[in-house]
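Structural overview for review
The primary structure of each chain is shown beneath.
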Amino acid sequence: MCESLFLISFSIHSLSSAMRAHWRGFVGSAPLLLLFFLVTIHTALSRTDIPDTRTVQTNFRTHWPLSDCSQCIDRKEHGLVKSGKGSNFPDGKDIDIIVTYSDTSGGVQIRTVKSRNLSASWVWRNPSDENNDQPKSSKMVEDSFEVDMRLEDYAEHFRGEHHSGVEVPQPHASTVHPIKLKRKLLRQQRRELRTAELIRQDKDIDHQIQEAAIERAKELDTTVKRKFNIWRKEYENPNSDTTLKLMRDQIIMARAYASIAKAMNEINMYDSLIEHSRESQRAIEEANSDADLQPNALDHAIAMGHILSVAKDQLYDCLVVARKLRAMLQSTEMNVNLLKKKSAFLIQLAAKIVPKPLHCLTLQLTTNYYLQNYENKEFPNKDKLEDTSLYHYAIFSDNVLATSVVVNSTVLHAKEPQKHVFHVVTDRLNFAAMKMWFLANPPAGATIQVENIDDFTWLNSSYCLVLRQLESVRMKEYYFKANEASSSDNLKYRNPKYLSLLNHLRFYLPEVYPKLDKILFLDDDIVVQKDLTPLWSIDLQGMVNGAVETCKESFHRFDKYLNFSNPKISENFDPNACGWAFGMNIFDLKEWRRRNITGIYHYWQDMNEDRTLWKLGTLPPGLITFYKLTYPLDRSWHVLGLGYDPALNQTEIENGGVIHYNGNYKPWLDLAIAKYRSYWSKYVTFDNYYLRLCNI
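Residues numbered from 1 in each chain as written. Predicted model: local features only at pLDDT ≥ 70, side-chain atom pairs only at ≥ 80, totals over all residues. Heavy atoms only, no water.

1. Quick notes on the overall build of the protein
- From N to C terminus, the protein includes 24 helices and 14 strands.
- For the protein, the residues scored as buried account for 41% of the 696 residues in total.
- For the protein, the exposed surface amounts to about 40400 Å²; the carbon and sulfur share of it is 53%. (Helix = DSSP H or I, 4+ residues; strand = E, 2+ residues; numbered from the N terminus. Buried < 20%, exposed > 50% of the residue type's maximum accessible area, 1.4 Å probe, protein only. Areas by Shrake-Rupley, 256 points an atom, 1.4 Å probe, with all protein chains shown as cover.)

Structure (structure tokens):
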């Protein structure tokens, strides 16, 4: 028997909200607040023994210890504490419990509670265990989170063992009451039921969506399709020219199905596809965008889509269609290659044929030259033609208008025009016209000389090897029997300009001008944009030729122009040597004569009689002749590419000393690149009588 005094903290749930509302009011009176929340129960028990253990019988087969009294720890088996209705003292006596609490108004109230009215969560404990429980309470708080996380695992394991009929000992968790565990299990069961219900609802919704899609598909009319192309995504862009592209693809598919229909003896389908193809083609005509299409083009596309849909249902076979499209692709590639060759030939033809206005100009000048007796007239200032203190230019051309632009642009930018002398050499056919032009339109202040290449009696086939080659039967066959040429021959090397000796005359400059020391060579397709006199003061450092190099990375190097598979080339030249350009070159004629450059040229021309070292032209023999004898000029002196490259830097063009229309798109042709034409045309005197007469 023992007499005990129990101290129990009793929290009344119904008053918790009121207590929180008045919490701030009681902060200043800590002792009084402690009094309001402590319940002091004094019970005199006489001749009553409190059992060391109390039990609670639950519906679980396992036993959960509820208290850690010192008597229980020493025993091998834990007793169970009764709860619920049997939570009274074991002797059956009912205990009066005095409770103090604060009401909603803040007043202290006292109430008596019978022990039989306590809930099942109340636990009777021995006062002697109070000290032992004190240190454990902190550990309980620390381990509460871990215990809660393990509850569900324990419960799941318990259910499995419960169904299998095996008694499994449960872990010791003195902080969890069996009632709380049961509540957790119930919550887990509700969550599982809710999850299963949501999954079932999702499946029902998916099933409904599928059924709705099937119903819509059944109602879709597949005989007429509004989208007639499925393999080109850009047609879905409303801003692109979708209709035109669509109709072109429809024509391709119609031709493929028509071929298949004909092979399968489907005559009606074949006729229908061919007819729709023709109608679509007529609707397209030369259109480049939807705006250029005829108003009824979309109707043709819809009709074509309908017939293609029918043809697909009747004739479609993946392998057959793929084979047919592959054959059509190969045929188209062959046609494209053939058209490319024709286009290249026509471009060469258009570039080299003299336009009608230029031909008119030559005829008019030649006629007046003889009618007005200009053949007996001479140019003034003949004494300047061999003056080495002046600036001399060499221009070899048969184009009167182009030569006039070169002279006009040079004189216009010259600081001292009277010191500039132009030596023009042309052929017999254009000599009268060229001389007539400069007699009628002499350059302001400058000196001009016009010569006929046929008057150079020393330039004959016995001295000039290239002239002998040009007169050979094999060379004439190469040029005039084009149908016998191999397909690998490059058309640009079949250019008739290579038959003209004017192109090769640049290799005979010391013979043409024996009294001069330096001369600036200019092509007739250039325009001068600044004073060129500083070129004569450049020290060439013993070199013969001053030119602008054209190599960039791997482009325009020797291996591009010469045949390095031939040992004669590979043993004497570096394939990576940098190339340079003809068109504006300053030549030191004294050094030329000393090094016998013309002899070097003759040697390599003789070696190339069978055209195995290089194709025809003047640049490859120029690279060989002046190999390691060329001084590189600043690139700004000579800007190239205006005759073929539309993407040149505008600033470089405007800052260039000389701009060169090298290529097929010469500025006097309709083929010319429009944005570059103005640099040339501003030096043409369009108000000239002869130009107006020939509509130039």
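2. Focus on the side chain of Thr 447
- Take Thr 447: it is sitting in strand β7 (residues 447-452).
- Owing to a relative accessible area of 1%, Thr 447 belongs among the buried residues under this scheme.
- Those residues in contact with Thr 447 that lie beyond four places of it in its chain are Pro 380, Asn 381, Lys 384, Leu 385, His 420, Val 421 and Phe 422. (Contact = heavy atoms within 4.5 Å.)

3. Let's talk about the sheet that holds strand β6 (residues 420-426)
- The strand order β7-β6-β5-β8-β11-β10-β12 describes an open sheet built from 7 strands, whose pairing is mixed. Across the chains shown, the open sheet's two edge strands, defined by having one partner strand only, are β7 and β12 (630-632). Between one strand and the next, the sheet's axes are offset by a mean angle of 25 degrees, whatever the strand orientation.
- Pairing analysis gives 6 bridges linking strand β5 (residues 391-396) to β6, with the strands arranged parallel. Following the sheet pairing, Ala 394 is matched in β6 by His 423.
- Helix α13 (residues 431-440) rests against β6 and β7 of the sheet, and its axis sits at about 170 degrees to β7. (Pairing = 2+ DSSP bridges. Axes fitted to C-alpha atoms, helices over the stretch in contact; angles between N-to-C directions.)

4. Topic: unusual backbone geometry
- Phi is positive for Glu 285, which is not a glycine, with a value near 50 degrees.
- Inspection of the secondary structure assignment puts Glu 285 in the loop between α8 (267-284) and α9 (297-315).
- Even without being glycine, Asn 373 reaches a positive phi, approximately 60 degrees.
- On the secondary structure map, Asn 373 appears in the loop between α11 (356-371) and β5.
- Take Asn 373: its relative accessible area is 41%, and that puts it in the partly exposed class.

5. Details of the pairing of strand β8 (residues 518-522)
- Within β8, 4 of the 5 residues are buried, which leaves it mostly tucked inside the rest of the structure.
- With 3 bridges joining them, β5 and β8 adopt parallel strand pairing. Within β8, the position partnered with Ile 395 by the bridge is Leu 522.
- The sheet contact formed by β8 and strand β11 (residues 584-588) spans 5 bridges and is antiparallel. In the strand pairing of β11, Ile 519 is matched with Phe 587.

6. Overview of the nonpolar core
- Core analysis: the biggest nonpolar cluster contains 63 residues, and Leu 520 and Leu 535 have the highest contact counts within it.
- It is α13 that contributes the most residues to this core, 8 residues altogether.
- Beyond its immediate sequence surroundings of up to four residues, Leu 520 is in contact with His 392, Tyr 393, Ala 394, Leu 532, Leu 535, Trp 536, Met 584, Asn 585 and Ile 586.
- By size, the runner-up hydrophobic cluster in this structure holds 45 residues, among which are Ala 394, Leu 502, Ala 547 and Ile 569. (Core = buried A, V, L, I, M, F, W, Y, C linked by side-chain atoms within 4.5 Å.)

7. Regarding the packing of aromatic side chains
- One pass over the structure, following the stated rule, counts 25 aromatic pairs.
- Between Phe 558 and Phe 573 the ring centres are 6.5 Å apart and the planes differ by 40 degrees, which places this aromatic pair in the tilted class. Here Phe 558, found in helix α17 (residues 558-561), pairs with Phe 573, found in the loop between α18 (567-570) and β11; they are 15 residues apart in sequence, far enough to count as distant.
- On the basis of relative accessibility, which here comes to 8%, the residue Phe 573 falls in the buried class.
- Both rings, one in Phe 573 and one in Trp 604, keep their centres 5.2 Å apart while their planes meet at 55 degrees; by these two values the pair is tilted. Residue Phe 573 is located in the loop between α18 and β11, and its partner Trp 604 is located in helix α20 (residues 597-607); the two are separated by 31 residues in the primary sequence. Across the pair, exposure class does not vary: Phe 573 and Trp 604 are buried alike.
- Above the plane of the ring of Tyr 316 lies Lys 312, whose end atom (NZ or CZ) is 5.9 Å from the centre. (Phe/Tyr/Trp six-rings, centres within 6.5 Å; stacked < 30°, edge-to-face > 60°. Lys NZ or Arg CZ within 6 Å of the ring centre and 35° of its normal.)

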